[in-house]
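# Observations on the model geometry
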Amino acid sequence: MNYSPKHNDTPMRVIYGALITVGLIMYMLGGGNLELVFTSVALVLIGTGLYLFIKHDLTTFTYIVMENEGRLDFYVDRVVGKRGSYVCYYPLCDLVIIEKYEKGTRKRLNKEYGKTFVYKYFHNRFNKEKYVLVFKNQGYHDAVVCQLDTKAFEYLKSASEAEKNKYEE
């Protein structure tokens, strides 16, 4: 399974577009006694807008379930521009829970599983369809927050149950 969510975060595009536009206007208005202030603020706004553009529109995450030596593994591939690399890898049999990611999920995971590290691998900041996958690690748990559609969610859920059943036998 390979799943890449589409870039459809319009509010974030409005934010970084407005930052870059206001920064360019301030840069052009710079003159007189406040030229240094206008130029400095303009460069900060343009830099922030470009950072958000690269982080949210040029970055793509792909969630991959691949067979490796007879077992299924979960990978997250991050591509920025043309360069890509795997940023995380877990055996699917170590998946403890997969559920919808909501506001209080992080605190609840820390209460239930103790020390839990949360990694956010998604590019649509304002999208509500986020899921958390909690994996067992050596002495603690890792939580991976990602954006899945219902088909990818169901596939991950059924594949992890099949892997757990396979290793319990």
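Residues numbered from 1 in each chain as written. Predicted model: local features only at pLDDT ≥ 70, side-chain atom pairs only at ≥ 80, totals over all residues. Heavy atoms only, no water.

### Examining the pairing of strand β7 (residues 130-136)
This is how it is decided: Think of it in three bands: with a 1.4 Å probe and only protein chains considered, a residue is buried below 20% of the maximum accessible area for its type, exposed above 50%, and partly exposed in between. The helix count covers DSSP runs of H or I at least four residues long, the strand count covers runs of E at least two residues long, and both are numbered beginning at the N terminus. DSSP calls a pair of strands paired once it identifies at least 2 bridges connecting them.
Where burial is concerned, most of β7 is hidden: 6 out of the 7 residues are buried. Here strand β5 (residues 95-100) runs beside β7; their pairing, made up of 5 bridges, is antiparallel. Bridged to Lys 100 within β7 is Tyr 131. When β7 meets strand β8 (residues 141-147), the two strands line up antiparallel, connected through 7 bridges. Paired with Lys 136 across the two strands is His 141, which belongs to β8.

### So, the sheet that holds strand β1 (residues 2-3)
Judged by pairing direction, the sheet is antiparallel, and its 4 strands sit side by side in the order β1-β2-β3-β4 without closing on themselves. The two strands at the open ends of the sheet, each matched to only one other strand, are β1 and β4 (83-91). Where β1 meets strand β2 (residues 59-68), 2 bridges bridge the pair, whose relative direction is antiparallel. Its bridge partner lying in β2, Tyr 3 is registered against Tyr 63.

### Thoughts on helix α1 (residues 10-29)
Worth spelling out the cut-off: Working rule for helices: expected span equals 1.5 Å times residues minus one. What the arc covers is the set of directions going from the helix axis to the C-beta atoms. Note on contacts: a residue pair qualifies if any of its non-hydrogen atoms lie within 4.5 Å across the two residues.
Here α1 spans 28 Å end to end across 20 residues, near enough to the 28 Å set by a 1.5 Å rise per residue. Turning to α1, its buried residues number three or more, namely Met 12, Tyr 16, Gly 23 and Met 26. Taken end-on, α1 shows its buried residues confined to a sector of 95°, consistent with a single buried face. More than 90 degrees from the buried face of α1, the exposed residues found are Val 14, Met 28 and Leu 29. Where the residues of α1 are buried, they touch α2 (35-56).

### Structural notes on the pattern of salt bridges
Note the following rule: Criterion for a salt bridge: a side-chain nitrogen of Lys or Arg within 4 Å of a carboxyl oxygen of Asp or Glu.
If you walk through the whole model with that rule in mind, you get 5 salt bridges. In this structure, Arg 108 engages Glu 99 in a salt bridge whose closest nitrogen and oxygen atoms are separated by 2.0 Å. Among the residues examined, Glu 99 registers a relative accessible area of 18% and is labelled buried. Via salt bridges that share partners, Glu 99, Arg 108 and Glu 112 belong to a single interconnected network.

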